[in-house]
Amino acid sequence: MRFNFELPESNSESHRSTTPKEEVKWHSLQNHPLFSSSAVDGSRNGSGAARNLVAWDGASRLYYWNSNKRCLHRISIRLGEPDPTSIIAASPSKVLQADVKLNIKVDRISINRNGSALLLSGPDGLYVMYLYGRTCTEDKNTIVCRTVSIGSQLYCSSGNAMRTLRVSWHPYSDTHLGILSSDSVFRIFNLSSDLLQAEQEYYLQPVGPGRSRNAASICPVDFSFGGDHLWDRFSVFVLFSDGSIYILCPVVPFGSVHKWESILEIYSDAHTFGLKSVNSSAVSNSSLAITWLEATFPEIDQETADEGNLPTLKAHPHALFDSSLSLQGPLRKVCNGEEDEALAVRGAECEGRAVSFLYNLVSKDSILVTAWSGGQLQIDALADEIHPVWTVGNPPRLRVDYHDHILALAMICEPISIELPVKVDQPLDHTVWLGHPPPLLRLATVDLALPRKTESGSLIAMYVDPLMLERIYALHDGGIDSVVLHFLPFTSQNSGKNETVRTPSVHPVLSTCLGEPSSPSPLCGFVSLSDSFGYSWIVGVTSMLECVVIEMKTWNLLLPVQIDTEKKPVDLGGRKEIDTPDIISKELLSGPKVVLLPQASPNLRSVAADSIEGRSTLHQYFKLFHENYVEYAHKVYFELKHHAPQVTRIIDDQHARLGEAHEKILKVENKQSILEERIDRVVKLHNFLEQRLQRLRNMPGVHKKPLSRAERDFKSELDHFTGVESDALLSSIEALQARLRRYTRSEKGSVGSQQRQTLRKHQVPDAQISQLKSAIEKLSLVNSENSKKVKLVESALKHQESSRT
């Protein structure tokens, strides 16, 4: 039995309103009046990011953002009613209006953990709507909710080239947001303290000083928070457009709550494997980690924590005053020998550029999935644990109050020098707490076989099934695909089973092409639902306001294919045995048991039947007869009576199957003539295409020379530059020029009395200015060279087209 409890909107409303409310009607979710409206949201996303205008609070409320009316619809749903595989929704739905005017186009909505706030993100700004508002007096179904803007000075200013690339709620806080922007800065905002300034800022510098790399390697694309596993809960994974993955650890929101057992586990690990190591680097890194843990969670070093009286610990603001976080990466593939070392440092294996990233924790395995614009998914697993790494001598910038309490921090995160890739056969002492980024174990590369519609490629968004974590949904231009992982390295090893390595299975769930590969994707919303009874659904909303509900099967998807190797081969010449259901048990077919007569005296015939000995002998014979023959007869009668309906059902099923087979045979006979005509047409078309192909081969344009190796390398380099964030490069150049002007003005305004101190202070800025000038010159040279190469390619293409004509 299912129960659905829904709290009233507000206590004041129930006391104020005495008129009866409008009767609530329940419809199937796909037939809800909201999704059958004539108002069509046919607008297309212009920011180049996939849209998702549907969110679920994890219980009984579904949210949908109406782009035309600029309002939020809250739909009460019941999972598994009236039958276990369906979903019903209440009508009319509640309408949530913002108390401020929203001047942005919303591309994504997402809800926090407790369902109290919803994020509205778009290319022009970010807003958070608090879902518990006041009821409007004019319309009882309309609720006015408090709505605030996030980082308006950074993301909403006019003429600002900086854009938000990814916004996500922190998994261990209901008031913290993580934002990755095109200026290569990762920020964390605390909605409970400051909406304008970030609580934490991490300036990502994947290229070390004095090094030069292509523009694709310095443009971030996506990020993801880690899961509830050791140091993963304090990690942030950042993906760059060339496919490289970096890690920031530890990153913790101020005031976030964590489980005491989780903190104690990594605290004990640092003491056991770090401080007791014979390597000085491991001891130094673990000492910094222990210092950070004891300052961030002061209760962990107290007696109350040792006794286990504290279920959770609250993170206190803290930062090491002489160290900044290191940008660990790029993560490389694990090596088995010298031959694989070249593969570990080789570039991307997929086409196009990286577009999205997903972190998924399944049991003990940390799974990283990278989606490429060419339609491929790279699925990797972390082959080692993550450990925090700091760069000593690079102090962060802190903002404190009058009591020297940390309010905010900012730091520059640069990668450290990386040695040779970590090999599998290395002992534990050579890898733990040494500051090496964890290697990646490549599980599979999945090709979704998507048509390349535009020059920028396909946009792919990935989601995890909340019921079965091994299943990943890929939302793209062509619809929705399901990817199920059948092999997990650490989970399979812990289970103790010698399972074979199975490749992931890919199944198309929903297709939106409609036979036109060039048509835009109509999907504008996606969410995965599940209940406590083991049922799972996916809900998709199209731009034509059509709702699609699909039940997803979860049973037997992860079971391996079992093959009986001990089974003897079947003799093809003899008669094959067919497995038939047991209608009568083998005990009844074998007959009653053999009756063993009791031992009797030789003069039994001379004994009278009414004597004591004769009565005893007759009683024993009667008992044996009853135990064997009478009970056997009862068993036969009961089982025949019990199996009579089953036999009747089997016979009826066989007759029905026989009737279906006759109908199919008749249909095949009727269609045979049509098939013969189609075969004749196909043969004629095939002959016509062969003749046309022969004429095309005789044309002079087909004998052109193939591209050389240098031309192919140059084409792949141009493909990597396709879709690179040019706005980010322009904003970086403008920021560098502004910093250069500010430093030159400060030099001119120096006072003569403090000339020596000023010269000492400006020694470092002079070096930085020279580096900035050289960086600007390199960027200008790269841009000029790329423009020349592009012109050469265009001229070559025009020349080839003119030669063909």
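Given the structure is predicted, the values throughout are model-derived calculations rather than measurements.

Taken in spatial order, the six strands line up as β13-β14-β15-β16-β28-β27 in an open sheet, and their pairing is mixed. Looking at strand neighbours, the two that pair on one side only are β13 (164-169) and β27 (397-400), the edges of this open sheet. Between one strand and the next, the sheet's axes are offset by a mean angle of 10°, whatever the strand orientation. With five bridges joining them, β13 and strand β14 (residues 176-181) adopt antiparallel strand pairing. Counterpart to threonine 164 in the pairing with β14 is serine 181.

One pass over the full model with this rule turns up 17 aromatic pairs. For the pair phenylalanine 237 and tyrosine 359, a centre-to-centre distance of 5.1 Å together with 20° between the ring planes defines the contact as stacked. Remark: tyrosine 359 occurs in strand β23 (residues 354-362) and phenylalanine 237 occurs in strand β18 (residues 236-240); sequence separation between them is 122 residues. For the pair phenylalanine 237 and tyrosine 359, a shared accessibility class is recorded, and that class is buried. Ring centres of phenylalanine 240 and tyrosine 246 lie 5.2 Å apart, and the angle between their planes is 75°; on these two criteria the pair is classed as edge-to-face. For the residue pair phenylalanine 240 and tyrosine 246, the accessibility class agrees, reading buried in each case. Taken together, the ring pairs connect Trp231, Phe234, Trp292, Phe297 and Trp433 into an aromatic cluster. Looking at arginine 78, its charged tip hangs above the ring of tryptophan 26, at a distance of 4.1 Å from the centre.

This brings us to helix α3 (residues 260-275). In this model, α3 (16 residues) spans 22 Å end to end at C-alpha, consistent with the 22 Å of a helix rising 1.5 Å per residue. Taken as a whole, α3 has its buried residues at Trp260, Ser262, Ile263, Ile266, Tyr267, Ala270 and Gly274.

With that out of the way, let us pick up a negative patch on the surface. On the surface, Asp652, Asp653, Glu660 and Glu663 cluster together into a negatively charged patch. Assignment of secondary structure puts glutamate 660 in helix α9 (residues 612-697).

Two measures define how a pair of helices packs: the angle their axes make with one another and the distance between the axes. Contact geometry for α3 and helix α4 (residues 280-296): axes closest at 9 Å, N-to-C directions at 155°. Relative to α4, α3 is oriented roughly antiparallel. Relative to α4, the crossing made by α3 is left-handed. Note on element contacts: α4 touches α3 through Ala282, Val283, Ser286, Ser287, Ile290, Leu293 and Glu294, opposite Ile263, Ile266, Tyr267, Ala270, His271, Gly274 and Leu275. Here the contact of α3 with α4 is composed, by residue class, of nine nonpolar, four polar and one charged.

Below, the discussion takes up a nonpolar patch on the surface. Where nonpolar side chains cluster on the molecular surface, the patch consists of Leu675, Ile679 and Val683 and spans about 270 Å² of accessible area. Relative to the elements of secondary structure, isoleucine 679 occurs in helix α9.

Conventions we followed
Residues numbered from 1 in each chain as written. Predicted model: local features only at pLDDT ≥ 70, side-chain atom pairs only at ≥ 80, totals over all residues. Heavy atoms only, no water. Pairing = 2+ DSSP bridges. Helix = DSSP H or I, 4+ residues; strand = E, 2+ residues; numbered from the N terminus. Axes fitted to C-alpha atoms, helices over the stretch in contact; angles between N-to-C directions. Phe/Tyr/Trp six-rings, centres within 6.5 Å; stacked < 30°, edge-to-face > 60°. Buried < 20%, exposed > 50% of the residue type's maximum accessible area, 1.4 Å probe, protein only. Lys NZ or Arg CZ within 6 Å of the ring centre and 35° of its normal. Expected span 1.5 Å × (residues − 1). Patch = residues over 30% accessible without salt bridge, like charges linked within 9 Å, V, L, I, M, F, W, Y side chains within 5 Å. Areas by Shrake-Rupley, 256 points an atom, 1.4 Å probe, with all protein chains shown as cover. Salt bridge = Lys/Arg side-chain N within 4 Å of Asp/Glu carboxyl O. Lys, Arg positive; Asp, Glu negative; His and termini not counted. Charge placed at Lys NZ, Arg CZ, Asp CG, Glu CD. Parallel < 35°, antiparallel > 145°, perpendicular 65-115°, else oblique. Left-handed = near helix turned anticlockwise from the far one by under 90°. Contact = heavy atoms within 4.5 Å. Nonpolar A, V, L, I, M, F, W, Y, C, P; charged D, E, K, R; others polar.

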